[in-house]
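Structural overview for review
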Amino acid sequence: IKIVEDFRISIGLGILKDMFHIVAVNLYGNAVATETIELPYENSDAYYTALAANVELFIQKNHYAPEKIEGISIATQGIISPDGTAVTYGDIMGNANMQLSDFSSRLPYPCHLEHDSKAAADLELWNHPKLDSALVFLLNRNLGGAVITNHSVHQGFSMHSGSLEHICVEPDGPVCYCGNRGCLETFCSASALELRSGLPVKEFFLKLRDPDNSGEHLQNIWQDYLRHLAFAIRNLNLLIDCPVILSGYLAPYFLPEDLDRLLGLINEHTPFPLAKDSLLTGTHGQYTPAIGAALFYVKNFLNT
């Protein structure tokens, strides 16, 4: 059945430490406009006022009638309170005092706040409607994750289910922002890849794929990245027998040979191999959390 769109739009925001992504998503769940705006996060009136002004400008530039905006959904790095009104844990950005009201008091639309990893999982569910269960690895500048069970994102009692970034993969490894050592975050986030290589992600992969310029050093860094990611996937897949989705910023950089190598490492020391068609990759890159967040109001509209 074809949806009569009537130009209705849901707006999604993906808030990071030094920027935010903004997307407009139609009733088919497609991103029809995207923009990245540099705005360093701070918990201040000036920040939230500037963000709201940029959202209004984005709406005006794309000629969306205000009455056609279903709502604005905000995906941020941090654990969200069970009632959805505040960030309760936000050590990456220092946003533990972020409130839903910081946005809703400045924007004349319904507003919703959610964890960026959970938003990413919502997008993967939308893209794979037959999925009942899955593990989602959000390979962003900071690593994130989510668990999908019974066709929904598992939240947990205190909303931190799926925080696979803090699984310890090397007890004597680098110090994580959480204060512990050897978390998966310190090996498999995009920031960790940049720190080890001394290169921005885009430049790292350009040189890695260039046989004349990559060098053994970059190849070793990438293989070490894949080894740590495989270690986490192998162990988590013993706990939750389901497909694995690599999503977020780094996902589009994975070539078929990378996935083959990763699958080989996953299945190297396990009695229960992961099938090739159970290792999936997302396609929306850095905009994944923002698009997933926007689906909140898309689904609300379709359900009513």
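Scroll up to find the structure this text is about.
Residues numbered from 1 in each chain as written. Predicted model: local features only at pLDDT ≥ 70, side-chain atom pairs only at ≥ 80, totals over all residues. Heavy atoms only, no water.

Description of the pairing of strand β3 (residues 31-38)
The criterion, for reference: Pairing between two strands requires that DSSP report at least two bridges joining them. Helix numbers and strand numbers start at the N terminus; a helix is a DSSP run of H or I with at least 4 residues, a strand a run of E with at least 2.
Of the pairings in the sheet, the one linking strand β2 (residues 19-25) to β3 comprises seven bridges and is antiparallel in character. Bridge assignment links V25 to a residue of β3, and that residue is A31. Where β2 folds back onto β3 in an antiparallel hairpin, the turn is made up of five residues, including G29, whose phi is positive at roughly 85°.

Some words on empty space enclosed by the protein
Gaps between atoms show up when a probe of the same size as a water molecule is rolled over them. Defined as follows: Detection works on a 1 Å grid of protein atoms alone, calling trapped sets that fit a 1.4 Å probe cavities and calling open sets with protein on both sides within 12 Å along at least five of seven lines pockets, with lining residues defined by an atom within 4 Å of a point. Grid points are joined across faces, edges and corners, and a volume is the space filled by probe spheres set on the points. Think of it as three bins: nonpolar holds Ala, Val, Leu, Ile, Met, Phe, Trp, Tyr, Cys and Pro, charged holds Asp, Glu, Lys and Arg, and polar takes everything else, Gly as well.
By the definition in use, this model includes one cavity of 30 Å³ or more. In this structure, the largest cavity occupies an estimated 50 Å³ of space. Lining the largest cavity are R234, N237, L238, I266, N267, T270, F272, P273 and L274. In terms of residue count, helix α7 (residues 215-239) provides more of the lining of the largest cavity than any other element does, three residues in total. Split by residue class, the lining of the largest cavity holds five nonpolar, three polar and one charged.

Details of the environment of A121
The condition is simple: Between two residues, a contact is recorded if the distance between any of their heavy atoms is within 4.5 Å.
Here A121 shows up in helix α3 (residues 116-127). Taking the C-alpha atoms as reference points, A121 and V136, 15 residues apart in sequence, are found 6.3 Å from one another. The residues contacting A121, other than those within four sequence positions of it, are V136, A146, I148 and V153.

Some remarks on the pairing of strand β7 (residues 111-115)
Inclusion rule: For every residue, the accessible area (1.4 Å probe, protein chains only) is compared with the maximum for its type, and the residue is labelled buried under 20%, exposed over 50%, or partly exposed between those bounds.
Burial of β7 is extensive: five of the five residues sit out of reach of the surface. Residue alternation in β7 divides its side chains into two sets, C111, L113 and H115 and H112 and E114, and both sets are buried. For strand β4 (residues 69-76) and β7, the ladder comprises five bridges, and the chain directions are parallel. The partner of T76 across the bridge, within β7, is H115.

Section: the packing of α7 against helix α8 (residues 256-266)
Inclusion rule: Angular values range over 0 to 180 degrees, each being the angle between N-to-C directions of two axes fitted as lines to C-alpha atoms, with helices fitted over their stretch in contact. Orientation labels follow simple angle bins: below 35 degrees gives roughly parallel, above 145 gives roughly antiparallel, 65 to 115 gives roughly perpendicular, and whatever is left gives oblique. Definitions for this section: a left-handed crossing has its near helix turned counterclockwise from the far helix by less than a right angle. A right-handed crossing has that turn clockwise.
Where α7 meets α8, the closest approach of the two axes is 8 Å, and the angle between their N-to-C directions is 50°. Taken as axis vectors, α7 and α8 run oblique relative to one another. α8 is crossed by α7, and the crossing has right-handed handedness. Between α7 and α8, the residues in contact are W222, Q223, L226, R227, L229, A230, I233 and R234 and D258, R261, L262, L265 and I266, respectively. Here the residues of the contact of α7 with α8 are counted per class, giving eight nonpolar, one polar and four charged.

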